[in-house]
Every structure is written in structure tokens, then in C-alpha cells.
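Inside the fold
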Amino acid sequence: MNIVGRRPLVEGPELVASLTVPPHFADATFDTYRPDRSFPSQAAALSAARGFASGASGRVRRSSAGRGLYLDGGFGVGKTHLLAALAISMGSRAAFGTFVEYTHLVGALGFASARDALADFRVVCIDEFELDDPGDTVLMARLMRELADEGVALAATSNTLPDSLGEGRFAADDFRREIQAVSRVFDVVTIDGPDYRHRGELAFVISSPEAVALVADRWGGVVEVWPALVEDLAHVHPSRLGAYVEGVRYLGLTGVKPLDNQAQALRVVSLVDRLYEADVSIVSSGESLGEIFPAEMLSGGYRKKYFRALSRLSAMCAGE
């Protein structure tokens, strides 16, 4: 089995049906979120998420209708856990997806059809809310506003405060009106704390090519050559990456080396997110996966994305 060369086709109705909590967070509940007492904002975020879910689920008066909850904080503080717990508590009345999944839904169905499909949910949960380009900014500002006007509750996670979305990625000041429109939808709850996946330096094990080859013998095992995988991602829309890695439980990577440019890096970030959500374990050879993002990328406008990807990669290499 290989994933390089896969070209999954995901139609509009399938995209709507796929807006569910991914396997990695399938057991997330409010009770299993463990706030760190050293950071009171975590307990406050838990309380806010519980209250928001309660307000969205009321049979008669829904106090969360048309409102938004925005969980802001660094990677690894449990934002997605809380968002997943909120969605799970709502059952089929909640949609759950990443930002790019919603933008692709609009592309696949058209704006009006996508809005109408999402308006059937009581809560729309948006993981990894981010504005990377002007088109997304205008699109999501309108979508958030119209869903809120329909009485849909909105919940999102992000590494960036709403008013700072887009900074360092495009001429955000030219789209300040749209960014402020997004910001007005949400009540912001900031979560502080260290990355729960790692309490020290990130660790990346480099295996031998022979050890990586053995991955192919495992159930759900796939071995790919890193440069070929990176190149292949250019031909797969990020919204289809879930289907691209479907069935993979173990991923072996040979010939790992640093990425050449930002376009490659952003595609790899999307892949890492889908692999992490699917609970895939990784074994690699070549250079360290911890070095795939060059220093200039880790100091640029997308640095938060890259550090989140490294945190998740390290967890997958450790089999967490």
C-alpha cells in the first residue's frame, strides 16, 4: 500500500458528512480535560466551553445562538480537546472541521449551498482558525456573519487573537474591515500553559532505513520516500488529505531532509495535522524530522503553524 499517487475525490455531500470529530479526539469530554492548576486560564476555558455548549443545546432558549467562542492559545494547551468535547456533547447537531475544510466546502458547493448546509447545525466548530490570504479573509468574514445571523453558534480554536489574524502572511491592514467583522462574532477566551505533549525539548528518533522498511509489514503500514511524498502533496488539495491518508496506521519515511520553500512547508503542516488526527505512528530515516523547517521559516509569519507541526510530529514519533 502506498499513499503517493492517491488522488481521492470527495464530493460535496461527503464533505458535509465528514464534518465530525477525528479519531484522535473521539473520546474527548469536558471531564477528561485536566486543567493545570498553575494556569488558571485553563479551568476558566473549560468552564467557558461547558457554558457555551449548554447555551447551544437548550430546547427552548439557546443563549449561545448566533454567538461565538474563540479559544486562543499556544499549541498543546488543549484547545482542540475542548472544541472536540463541545462538538461531541452536541452529537449530530454539531459540525466539526478544520478551517481549510470549511473553505473547501464553500468551493465545492458554492457559497449559498455551503451556508445553507452549515445553517442546519446548532454549532459549527472550526479548528485551527487562520487567515492565510485575502480570499479566505473575505470568504470567512461573510460566512461567519451570515451563520451568526441564522442563529448558528460558532466555536473556534486558533494560535492567534482575532484582531491579529493575517499578520505577517498578507497585507492584513488592507482587509482590516473583514478581520474586524470576524472578530466581532467571537468572545475570546485565552488559554495559557506549556505544550502538554512535551515538558521539555522535542525528541525525534532517527531510525535506520532497514528499520523503516519493516513498517510495510505491519497492518496499515506504509513506507514512502520523503522527497516524493513532499512533491506529491502539491497535487492533493488540503481538504482531501484525510482521504489521502485513510487506512494508514504506521508511516515509514526514508530520505528525510529539510523543506525547500514555504509552499512545501505549508502542505506538510496540513499533512501532519491529518496524520495526527488519525493517530498515525511515524518511523523515519535520513535527517531529523525536527529539522525539516529551516530557521528562517521558524521565525516568519507561519512560525506558529510550524512549531505546532513539530510538536505533533514528535508525539507521533513517540507513538503518543
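Residues numbered from 1 in each chain as written. Predicted model: local features only at pLDDT ≥ 70, side-chain atom pairs only at ≥ 80, totals over all residues. Heavy atoms only, no water.

Moving on: the packing of helix α4 (residues 99–109) against helix α5 (residues 111–118). With their axes 6 Å apart at the nearest point, α4 and α5 run at an angle of 125° to one another. The pairing of α4 with α5 is recorded here as oblique in orientation. α5 is crossed by α4, and the crossing has right-handed handedness. Two secondary-structure elements touch here, α4 through Tyr 102, Leu 105, Val 106 and Leu 109 and α5 through Phe 111, Ser 113, Ala 114 and Leu 118. (Axes fitted to C-alpha atoms, helices over the stretch in contact; angles between N-to-C directions. Helix = DSSP H or I, 4+ residues; strand = E, 2+ residues; numbered from the N terminus. Parallel < 35°, antiparallel > 145°, perpendicular 65-115°, else oblique. Left-handed = near helix turned anticlockwise from the far one by under 90°. Contact = heavy atoms within 4.5 Å.)

Per the stated rule, a full pass over the model turns up six aromatic pairs. Each ring, one from Phe 99 and one from Phe 129, has its centre 5.1 Å from the other, and the planes form 65°; the classification is edge-to-face. Taken together, the residues Phe 99 in helix α4 and Phe 129 in the loop between β3 (123–127) and α6 (134–149) connect sequence positions 30 residues apart. Residues Phe 99 and Phe 129 agree in their burial class; the two are buried. (Phe/Tyr/Trp six-rings, centres within 6.5 Å; stacked < 30°, edge-to-face > 60°. Buried < 20%, exposed > 50% of the residue type's maximum accessible area, 1.4 Å probe, protein only.)

Bringing the pairing of β3 into the picture now. The side chains of a regular strand alternate, first on one face of the sheet and then on the other. Counting buried residues along β3, five of its five residues qualify, which places the element largely inside the surrounding structure. Here β3 shows two buried faces, one formed by Val 123, Cys 125 and Asp 127 and the other by Val 124 and Ile 126. The pairing of strand β2 (residues 94–98) with β3 spans five bridges and is classified as parallel. Bridging from a neighbouring strand, Ala 94 pairs with Val 123 of β3. Here four bridges tie β3 to strand β4 (residues 153–158), and the two strands are oriented parallel to one another. Within the sheet, the bridge partner assigned to Cys 125 lies in β4 and is Ala 155. (Pairing = 2+ DSSP bridges.)

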